[in-house]
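Observations on chain architecture
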Amino acid sequence: MPQDTQQGRLTPVTDETFATVVLAADRPVVVDFWAEWCPPCRPVSKHLAELAEEFGDALRFVTVNSDENPQSTRAYQVMSMPTMLVFRDGQVVGSIVGARPKNHLRLSFARHLDG
């Protein structure tokens, strides 16, 4: 997530913290794989920060700088930026590759909520 953790709702994750923060999470987690050199990553991260506010505690939103964390990037076969993976109970249950409008992201993530 390029530099701006708006409202503190986007948590940076590293290869070292991925298992604890994402795989062991007690709720669904949206993981944004991004890179500094990726032009569409910046607007997507802005959308994710806004959606993190909207979803509150129902979903957790984290970011992984793919260049600085190649282990996590390779482990989930992330080949394009941005890529957003949704994890539940340590498993990938959804994915979005490439930039999408905020409403598309909202609807895609809402499918992974309880109830």
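Everything numeric in this text was worked out from a predicted model, so none of it was measured.

A covalent bond between the sulfur atoms of two cysteines is referred to as a disulfide. Scanning the entire structure with this criterion turns up 1 disulfide. Residue pairing for Cys-38: its cysteine sulfur links by disulfide to Cys-41, the two sulfurs lying 2.2 Å apart. An S-S torsion of about 90° defines the bridge between Cys-38 and Cys-41 as right-handed. In this structure, Cys-38 and Cys-41 share a single accessibility class: buried.

Let us now look at the nonpolar core. Ranked by size, the top nonpolar core spans 18 residues in total, and within it Val-13, Phe-18, Val-22, Val-31, Phe-33, Val-62 and Met-81 carry the most contacts. Of all the elements in the fold, those that place two or more residues in this core are α1 (18–23), β2 (29–34), β3 (60–65) and β4 (83–88). Examining the composition of this core, we find that 4 residues originate from one element, β2, more than from any other. Val-44, Ala-49, Met-84 and Leu-105 belong to the second-largest nonpolar core, a separate cluster that totals 15 residues.

Counted under the stated rule, the structure contains 8 salt bridges. Note that Glu-53 is salt-bridged to Arg-9, the shortest N-O span being 3.3 Å. Taken together, the residues Glu-53 in helix α2 (residues 41–55) and Arg-9 in the segment before β1 (10–12) connect sequence positions 44 residues apart. In this structure Glu-53 comes out as partly exposed when scored by relative accessible area, which is 34%.

Now for the pairing of β4. Summarising burial for β4: 5 of the 6 residues are buried, a large majority. In this sheet, β4 lies alongside β2 in antiparallel orientation, the contact comprising 5 bridges. The partner of Asp-32 across the bridge, within β4, is Met-84. Pairing analysis gives 6 bridges linking β4 to strand β5 (residues 91–97), with the strands arranged antiparallel. Paired with Thr-83 across the two strands is Val-97, which belongs to β5. Between the antiparallel neighbours β4 and β5 lie 2 residues, among them Asp-89 with a positive phi of about 50°.

Reading the values: the criteria
- Residues numbered from 1 in each chain as written.
- Predicted model: local features only at pLDDT ≥ 70, side-chain atom pairs only at ≥ 80, totals over all residues.
- Heavy atoms only, no water.
- Disulfide = S-S within 2.5 Å.
- Buried < 20%, exposed > 50% of the residue type's maximum accessible area, 1.4 Å probe, protein only.
- Core = buried A, V, L, I, M, F, W, Y, C linked by side-chain atoms within 4.5 Å.
- Helix = DSSP H or I, 4+ residues; strand = E, 2+ residues; numbered from the N terminus.
- Salt bridge = Lys/Arg side-chain N within 4 Å of Asp/Glu carboxyl O.
- Pairing = 2+ DSSP bridges.

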